[in-house]
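As a plain string of letters, each chain reads:
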Amino acid sequence: MGQQKFPWIGKAVYMQATWGTYRDFWPFMTASQHRLLRRLKSGWLGMLPGDARIGDAVILARGGWVPSIVREEEEKRKVFVGEAYIHGIMDGGIRDENKCKEIEFH
């Protein structure tokens, strides 16, 4: 009877135990909001912007350290979709300056 009369007590105890114990995990939860966990065609695993689509490209821009997702639209224009976390290629680790080429964004 007490549990039916005061159901919020159980919820409060649960929330305190859960978030008190896992508060160190919270930054990871907020960083993954509106993101998609996907395996890329190349086999890399990544967290992509929520509006990423099949056919978008992953680039490492010269001077940048975070992979970016770009989309080619009509007339070969590139549109910035957002930044991504790609496991294994963060911090410019696989960038090859010899393969860099200029692209134009609109």
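Placed above this text is the structure.
Summarised in this report is the structure supplied together with it. Computed from a prediction, not measured in an experiment: that's the story for all the values here.

## Brief notes about the environment of E73
Consideration 1: Residue placement: E73 occurs in strand β4 (residues 68-73).
Consideration 2: Placed 17 residues apart in sequence, E73 and D56 show a C-alpha to C-alpha distance of 9.9 Å.

## Quick notes on the sheet that holds β4
Consideration 1: The sheet built from three strands is open, its strands ordered β3-β4-β5 with antiparallel pairing. In the strand order of this sheet, the two ends are held by β3 (57-59) and β5 (77-83), each with one partner. Pairs of neighbouring strands in the sheet enclose a mean axial angle of 40°, with direction left out of account.
Consideration 2: Direction of pairing for β4 relative to β5: antiparallel, over a ladder of six bridges.

## Regarding unusual backbone geometry
Consideration 1: The residue H34 is not glycine, and still its phi comes out positive at about 60°.
Consideration 2: Structurally, H34 is set in the loop between α3 (26-31) and β1 (35-39).

## Thoughts on the nonpolar core
Consideration 1: In terms of nonpolar packing, the biggest core is built from eight residues, these being L40, L48, A52, I69, V81, A84, I86 and I89.
Consideration 2: Apart from residues no more than four positions distant in its own chain, I86 is found in contact with L40, W44, L45, G46, L48, V58 and P67.

## A closer look at the pairing of strand β2 (residues 45-49)
Consideration 1: Taken together, the five bridges between β1 and β2 define a ladder with antiparallel strand orientation. Bridged to L37 within β2 is M47.
Consideration 2: In this structure, the hairpin formed by β1 and β2 is closed by a connection of five residues, where G43 is found at a positive phi of approximately 105°.
Consideration 3: Where β2 lies against strand β6 (residues 85-86), two bridges are found, and the strand directions are antiparallel. From the neighbouring strand, G46 faces β6, where its bridge partner is I86.

What counts, and at which threshold
Residues numbered from 1 in each chain as written. Predicted model: local features only at pLDDT ≥ 70, side-chain atom pairs only at ≥ 80, totals over all residues. Heavy atoms only, no water. Helix = DSSP H or I, 4+ residues; strand = E, 2+ residues; numbered from the N terminus. Pairing = 2+ DSSP bridges. Axes fitted to C-alpha atoms, helices over the stretch in contact; angles between N-to-C directions. Core = buried A, V, L, I, M, F, W, Y, C linked by side-chain atoms within 4.5 Å. Buried < 20%, exposed > 50% of the residue type's maximum accessible area, 1.4 Å probe, protein only. Contact = heavy atoms within 4.5 Å.

Any functional reading would require information that these geometric values do not contain.
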